[in-house]
Structure formats: C-alpha cells, structure tokens
Amino acid sequence: LTASMFFTACEEEISLDLKSDIPRLVVDGFITTDTMAHRVRLTTSGGYFDNKPMAGVSGAVVSLSDGEETIILVESDSSPGDYFTPDDYFGKQNHLYKLAITNVAVGNKGRDEVYTAESFLNPMVKMDSISVDYFKIWKMWRVLLYGRDPKNEKNYYWFRLKINDWWYSTEYRFTSYADDTYFDGNYAEGVWLFGLNAEDEVDCKAGDIIMV
C-alpha cells in the first residue's frame, strides 16, 4: 500500500488571473554606419498569453536627429508601423542621436504625448578579418573573428551576420554580443561568433560571401 501511494498523484487546475495592463508604446529600431534604409518599428504592448505579433502603430510622426540635421521617417505602405530613413542614410560615429515620436494615441494617453530617446553612436573598433570553417563533430559551420580590442577602453560588441544577400541576423536571437570585461586589450585569435547547422540551417558552399 505504501509503495502504491508513491505512484499516485493528484491534479488541480489553477486559474491565474493575470490582469491586463493598459497598452504601452513599444519602439524597436537601431542606426548603424551602413548606408541603407534604417527601420524604426512602432507597436503596442500585449497580454502575456496573446502569443501573436502585435499590430503596428500607424500615423505617427517619427523624427531622427544626429545633432546636425533632423529627418522625418516615412511609414511603409505595405507594413503598418514600420518607419524608414532614406535609402542613402548612414549613422555617423561620435554623434548623439535623438529620436522623437508624436501623434500617437496609445492606452489612455492622447496624441499630445511626446516619446523621446537618445543614444550615442560610439566609434567602431576595426577588426582584422573573419574566417569560416567546418566543425565536423557538430556538423556546423563556424564564423570566427580575428582582431585586437583597444586597451583601457570599455567597449561593447554586437555582431550581425549576412550570407550573400540574405541577412541571417534578422532577429535579436540570431545576433551575437559581448563586452570586453575579460579580454580588454587582448587579441581575438579566432573567436567563435556564429554557428550554422549545416544539415538544418545553412550549408555554406564555395563562393558564398560571408559578412559580419
């Protein structure tokens, strides 16, 4: 009887009353030194169990300043909530960027609300090179980095990967990032940035162009 009790389990349904908060504006975007149309996406926050992409917020006025000029981003006709810079726009190193958003009514706030943010575009740290090899044990292509981290500087690194004309790093989970806490001033002798599963994900071949 005692032994049988160990294999007996009871179940009880628990209803979690997760109160939905009022919607809030969610802003996602970044500026790089690449010459391209940079995107700022506006959505609203949603419930934990919604489990679906949030709809874009249309009709906003989105402006971006680099301290020298201010531009107005243009909303996409085909993707509501996506606002773009001109195609020839590029970020300038050592500039403070300021983003301002107006004409947005989210939650109980009216359209008079102004949303602002700012970020400094730090100078880039130039690396020597990258390489790609095949890791047989895991059947995986590795993208390796070579270069020196400047000494006595606090640097942060965010890596994105492009294969031919396809951006592998379209989502944050497909990017790689680090700071130099443990390698300040050292040389990176083939640091593993990305691993591409050759069977399920990407099978690189001769002639492919890899860019980090």
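Here is what the cut-offs are and how they apply
- Residues numbered from 1 in each chain as written.
- Predicted model: local features only at pLDDT ≥ 70, side-chain atom pairs only at ≥ 80, totals over all residues.
- Heavy atoms only, no water.
- Helix = DSSP H or I, 4+ residues; strand = E, 2+ residues; numbered from the N terminus.
- Buried < 20%, exposed > 50% of the residue type's maximum accessible area, 1.4 Å probe, protein only.
- Polar contact = N/O pair within 3.5 Å; in protein donor to acceptor, adjacent residues only side chain to side chain.
- Contact = heavy atoms within 4.5 Å.
- Phe/Tyr/Trp six-rings, centres within 6.5 Å; stacked < 30°, edge-to-face > 60°.
- Pairing = 2+ DSSP bridges.

Enquirer: Hey, could you run me through the side chain of T85 in this one?
Expert: Residue position: T85 is located in the loop between strand 6 (82-84) and strand 7 (95-102). On the basis of relative accessibility, which here comes to 5%, the residue T85 falls in the buried class. Of the polar contacts made by the side chain of T85, one reaches the backbone nitrogen of H38; its length is 2.9 Å. Residues contacting T85, with those up to four places away along its chain left out, are M36, A37, H38, L64, I71 and L73.

Enquirer: Teacher, can you tell me more about the packing of aromatic side chains here?
Expert: Remark: the centre distance and the inter-plane angle together describe each pair of aromatic rings, the angle taken between the planes. Across all of its chains, the model carries eleven aromatic pairs by this definition. Ring centres 5.4 Å apart and planes at 90° place the aromatic pair F135 and W138 in the edge-to-face group. With a centroid separation of 6.3 Å and 35° between ring planes, the pair formed by Y157 and F183 is classed as tilted. One end of the pair, Y157, is in strand 11 (residues 156-159); the other, F183, is in the loop between strand 14 (176-179) and strand 15 (187-197), and 26 residues separate them in sequence. The exposure class of F183 is partly exposed, given its relative accessible area of 32%.

Enquirer: Explain the sheet that holds strand 5 (residues 74-75) to me, please; I cannot follow it from the model alone.
Expert: Hydrogen bonds between backbone atoms are what pair the strands of a sheet, whose relative direction is either parallel or antiparallel. One open sheet holds the four strands; their spatial order is 1-2-6-5, and the pairing between them is antiparallel. Where the open sheet ends on each side, the last strands, each with one partner, are strand 1 (25-29) and strand 5. The sheet contact formed by strand 5 and strand 6 spans two bridges and is antiparallel. From the neighbouring strand, E75 faces strand 6, where its bridge partner is Y83.

Enquirer: How should I be thinking about unusual backbone geometry in this particular structure?
Expert: Glycine aside, the phi torsion of most residues is negative, and most peptide linkages are trans. Non-glycine residue N94 carries a positive phi angle of around 60°. Its place among the elements puts N94 in the loop between strand 6 and strand 7. For N164, which is not glycine, the phi dihedral falls at a positive 55°. Structurally, the position occupied by N164 is in the loop between strand 12 (162-163) and strand 13 (166-167). N164 sits in the partly exposed class, given a relative accessible area of 34%.

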